[in-house]
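Understanding the architecture of this molecule
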Amino acid sequence: AQSVTQLGSHVSVSEGALVLLRCNYSSSVPPYLFWYVQYPNQGLQLLLKYTSAATLVKGINGFEAEFKKSETSFHLTKPSAHMRDAAEYFCAVSGNGQNFVFGPGTRLSVLP
Amino acid sequence: EADIYQTPRYLVIGTGKKITLECSQTMGHDKMYWYQQDPGMELHLIHYSYGVNSTEKGDLSSESTVSRIRTEHFPLTLESARPSHTSQYLCASSESVYNEQFFGPGTRLTVL
């Protein structure tokens, strides 16, 4: 069975600082991996996805993530945080014909 | 821009009422999903459908029911709402179980 863990339920960074949100997965087959963002009172919006092509994936809003098979990780980064990046971020994995499995989410706070 | 719609966006009702949360998508996706999410918490899959006349229960037991009579429409019904049903309900669709899911804006339900 697939699973996703996100280290840190709440991450705080200063505006302009590096954002690093961690995601580790467990999958018996090559996974498809996704990062979503959720702003208050809204649905989830896809940031980026990994589907077995390039291991470094660039997404919207300046975010990117790197697939590392040896570490079973898919961490999300952004070089410089903006206030508007404050939101909930979810990592998800799919594969092996199963439905998506979402991680528990990480709340990102951006301090002025 | 994903074309998936949910109505109503907000609903406050009394205990014992029957309610239907609407979800429609115009992308022609076969796969549709309902998630339940408490504020700031993880998503729980409560129902999914792989096509017309196909519905399955998700990982989280729910007293709600769903139907899939048309590809584009996947309504969720609560026969008798209770305060424990207070939550946000998110609808999503995808082309396949491997592809990204597109989310609607959600319905925030409050049962008094």
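About the criteria used
- Residues numbered from 1 in each chain as written.
- Chains lettered and ligands numbered in written order.
- Predicted model: local features only at pLDDT ≥ 70, side-chain atom pairs only at ≥ 80, totals over all residues.
- Heavy atoms only, no water.
- Helix = DSSP H or I, 4+ residues; strand = E, 2+ residues; numbered from the N terminus.
- Buried < 20%, exposed > 50% of the residue type's maximum accessible area, 1.4 Å probe, protein only.
- Contact = heavy atoms within 4.5 Å.
- Areas by Shrake-Rupley, 256 points an atom, 1.4 Å probe, with all protein chains shown as cover.
- Pairing = 2+ DSSP bridges.
- Salt bridge = Lys/Arg side-chain N within 4 Å of Asp/Glu carboxyl O.
- Polar contact = N/O pair within 3.5 Å; in protein donor to acceptor, adjacent residues only side chain to side chain.

1. Some words on the overall build of chain B
Counting secondary structure elements, chain B contains zero helices and 11 strands. Listed by position from the N terminus, the elements making up chain B come as β-β-β-β-β-β-β-β-β-β-β. Seen through its C-alpha atoms, chain B measures out along the principal axes to roughly 35 × 30 × 25 Å. Looking at chain B as a whole, 47% of its 112 residues qualify as buried. Within chain B, counting contacts between residues at least 6 apart in sequence, those at least 24 apart form 54% of the total. Split by element, the accessible area of chain B, about 5,300 Å² in all, is 50% carbon and sulfur.

2. Considering the sheet that holds strand S7 (residues 65-66) of chain B
All names here are of chain B. Reading across the sheet, the four strands line up as S1-S3-S8-S7 and stay open at both edges, with antiparallel pairing between neighbours. The open sheet has two edge strands with one neighbour each: strand S1 (4-7) and S7. In the sheet, S1 pairs with strand S3 (residues 19-25) via four bridges, with the strands oriented antiparallel. Within S3, the position partnered with Ile-4 by the bridge is Gln-25.

3. Quick word on the pattern of salt bridges
Using the criterion set out here, one finds seven salt bridges over all chains in the structure. Of the charged contacts, one joins A:Glu64 and A:Lys58 as a salt bridge, the two residues approaching to 2.8 Å between their closest N and O atoms. The class of A:Glu64 is partly exposed, set by a relative accessible area of 23%. Residue A:Lys58 is classed as exposed on the basis of its relative accessible area, which comes to 62%. A salt bridge links B:Arg70 to B:Glu72; the shortest N-O distance between them is 3.1 Å.

4. Quick notes on the side chain of B:Gln101
Residue and element names in this part refer to chain B. Examined against the element boundaries, Gln-101 turns out to sit in the loop between strand S9 (87-94) and strand S10 (102-103). Looking at Gln-101, the relative accessible area reads 1%, which means it is buried. A polar contact of 2.8 Å, which involves the side chain of Gln-101, links it to the side chain of Tyr-35.

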